[in-house]
Protein chains: 2
Amino acid sequence: MPKSKISRPQIIQVSLKTLANCQSLDQFSMRKVATTLQIDASTIYWYFESKQAILQAMADEIAAQISFPDANLDWKTQLTQLFNNLFDVYTTHPHTAELMIETIPSSEVRLALMNHIIGILVDAGFSETQGSAAMSTIDFFLTGLVIDLSKERQFRTEINDKQAAYLHEQVTQIHQITHDEHLVHMQNSVKSRNSESAKQQFEAGLKLILKGLVADKEG
Amino acid sequence: MPKSKISRPQIIQVSLKTLANCQSLDQFSMRKVATTLQIDASTIYWYFESKQAILQAMADEIAAQISFPDANLDWKTQLTQLFNNLFDVYTTHPHTAELMIETIPSSEVRLALMNHIIGILVDAGFSETQGSAAMSTIDFFLTGLVIDLSKERQFRTEINDKQAAYLHEQVTQIHQITHDEHLVHMQNSVKSRNSESAKQQFEAGLKLILKGLVADKEG
DNA sequence: ACCTGAACACCGTTCAAGT
DNA sequence: ACCTGAACACCGTTCAAGT
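Conventions and cut-offs
Residues numbered from 1 in each chain as written. Chains lettered and ligands numbered in written order. Predicted model: local features only at pLDDT ≥ 70, side-chain atom pairs only at ≥ 80, totals over all residues. Heavy atoms only, no water. Near = heavy atom within 4 Å. Helix = DSSP H or I, 4+ residues; strand = E, 2+ residues; numbered from the N terminus. Nonpolar A, V, L, I, M, F, W, Y, C, P; charged D, E, K, R; others polar. Contact = heavy atoms within 4.5 Å. Buried area = accessible area lost by both parts, 1.4 Å probe. Salt bridge = Lys/Arg side-chain N within 4 Å of Asp/Glu carboxyl O. Polar contact = N/O pair within 3.5 Å; in protein donor to acceptor, adjacent residues only side chain to side chain. Expected span 1.5 Å × (residues − 1). Buried < 20%, exposed > 50% of the residue type's maximum accessible area, 1.4 Å probe, protein only. Least-squares fit on C-alpha atoms with pLDDT ≥ 70 in both.

Caption draft 1: Just the protein's contact with DNA strand D, in detail. Taken together, 18 residues lie around DNA strand D, and Thr43, Trp46 and Tyr47 of chain A together with Arg31 and Tyr45 of chain B are the ones closest in. Taken together, the sugar and phosphate atoms account for 56% of what DNA strand D places within 4 Å of the protein. For the surface near DNA strand D, the elements supplying multiple residues, two or more each, are α3 (44-47) of chain A together with α2 (30-36) of chain B. At three residues, α2 of chain B tops the list of elements feeding residues into the surface near DNA strand D. Each residue belonging to the surface near DNA strand D can be placed in one class, and the counts come to seven nonpolar, five polar and six charged.

Pasting the structure below:
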């Protein structure tokens, strides 16, 4: 057993892998990380002062993967590319949107990322306040969407894997009620939601917000 | 001690009060609810089959508080009123946005609410797909914003109440890095975020999305 | 029908003790 | 300097047992 020495970066990597194997962020635990590292849970506390500190480090690691689009491009395509990039990173690494929310954006990577997004908008002619508000709007939308997707998948796998009879009831109830109460719009909504991919859904929303920004500029 | 009989509605009410006294949704526990009800935690399982079932009931209770605006109004004012109403309910009852995300919208109240929102847009001339997408976009934005606000307040009170030296460090780091790295846009963002209320922030984002919808209609 | 108590399998965190 | 083990104060959930 070549028990390689433990290190901070190693713990972060293993933590990210552990998180990826969890069904939700709160199933992620120090004890699980410790088990795969073949160390006692308390050992981690020599490298990180708390679970929160690990989450911060994990969030920074993910944020570092976001690349900035070519600054010569149109501001709209720049934003589209950057947020599509964010969407992709969030969906390839499960629960990272939750990670971002549970965590304070105090690192250089995360602050620089936000600064860059606002910068794109300011360079396009928007005020600092407008740029800041627009970034938040898109970011909250993206985060809300990805977290919702994540929860939905969690419910689905819980229904399949374990018993979870209760959750299954809830889902069938949706169809019953929408039918019995003649909630026509909800019936259509379920259909269109199934035919469209999550990415398409995100792109549609982003396009809507960008259109609002353009209208803001002209008006 | 007039030990009044336990009932499902009573448990739901006490649960909502208990949640309101928590700093986050995952601090909410069956054992806390049981303590205030002066019963054993296991007793709750006679009335609810799981914690998830209680969360569902709590979410429905909150959703029932949302009132529909006058259908004769302009679709834009209808949406504005309804989502402002949602924002107010979410902020007056802490952690209810999290509650909605952690929970399946399987009840009549919640499905009817969504159906109504799409209906406003369809009546305004949008397609079912457009209406459904627009509702999601606004809802995810609202949810993301409120959850973020909630987390921020949680961090703030943890810094004040307990030790939480680590969290305090993170916050001071934000200012240090934005200054040292000359992240001008972030500096302005922090300023404008402090001068504007959360409600103003929400209204700005909502206005942006509505403008996008108008542009969609005209284009 | 309603409620309890003990138990199980989990958490994060601390700290004296080991090497 | 690095790591462990036991302990503490928590979780959700189950189930035999009580009334």
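Next comes the rest of the account.
Caption draft 2: The interface of chain B and chain A, seen in detail. Contacts between chain B and chain A engage 61 residues on the former and 61 residues on the latter. Summed over both sides, the interface between chain B and chain A buries roughly 5,400 Å², with carbon and sulfur atoms accounting for 68% of that surface. Between chain B and chain A we count four salt bridges in total. Between chain B and chain A we count 16 residue pairs in polar contact (both at pLDDT 80 or more) in total. Listed by contribution, the elements that provide at least two residues to the side of chain B that touches chain A are α4 (51-63), α7 (108-123), α8 (128-161), α9 (165-180), α10 (184-195) and α11 (198-218) of chain B. Top contributing element to the side of chain B that touches chain A by residue count: α8 of chain B, with 14 residues. Of the residues that constitute the side of chain B that touches chain A, the class distribution is 27 nonpolar, 23 polar and eleven charged.

Caption draft 3: Representation of α11 of chain B. Between its terminal C-alpha atoms α11 of chain B stretches 31 Å, which fits the 30 Å expected from 21 residues at 1.5 Å a residue. Those residues of α11 of chain B not exposed but buried are Gln201, Phe202, Gly205, Leu206, Leu208, Ile209, Leu210, Gly212 and Leu213 of chain B. On its buried face, α11 of chain B is in contact with α8 (128-161) and α11 (198-218) of chain A together with α5 (75-92), α7, α8 and α10 of chain B.

Caption draft 4: Structural context of helix α9 (residues 165-180) of chain A. Here α9 of chain A contains 16 residues, and its C-alpha end-to-end distance of 22 Å stays within 8% of the 22 Å for a straight helix at 1.5 Å per residue. Close packing links the buried residues of α9 of chain A with α8 and α10 (184-195) of chain A together with α4 and α7 of chain B. Directly after α9 of chain A, the chain includes histidine 182 of chain A, whose backbone phi takes a positive value near 55°.

Caption draft 5: Layout of the relation of the copies chain B and chain A. Each copy of the sequence occupies a distinct position, and chain B is placed on chain A by a rotation of 180° and an axial shift of 0.0 Å, giving an RMSD of 0.0 Å. Taken together, the rotation and translation relating the two chain copies correspond to the operation of a two-fold axis. When the interface residues of chain B are mapped onto chain A, 100% of them again fall at the interface, so both copies present the same face.

Just geometry here; none of it tells us what the structure is for.
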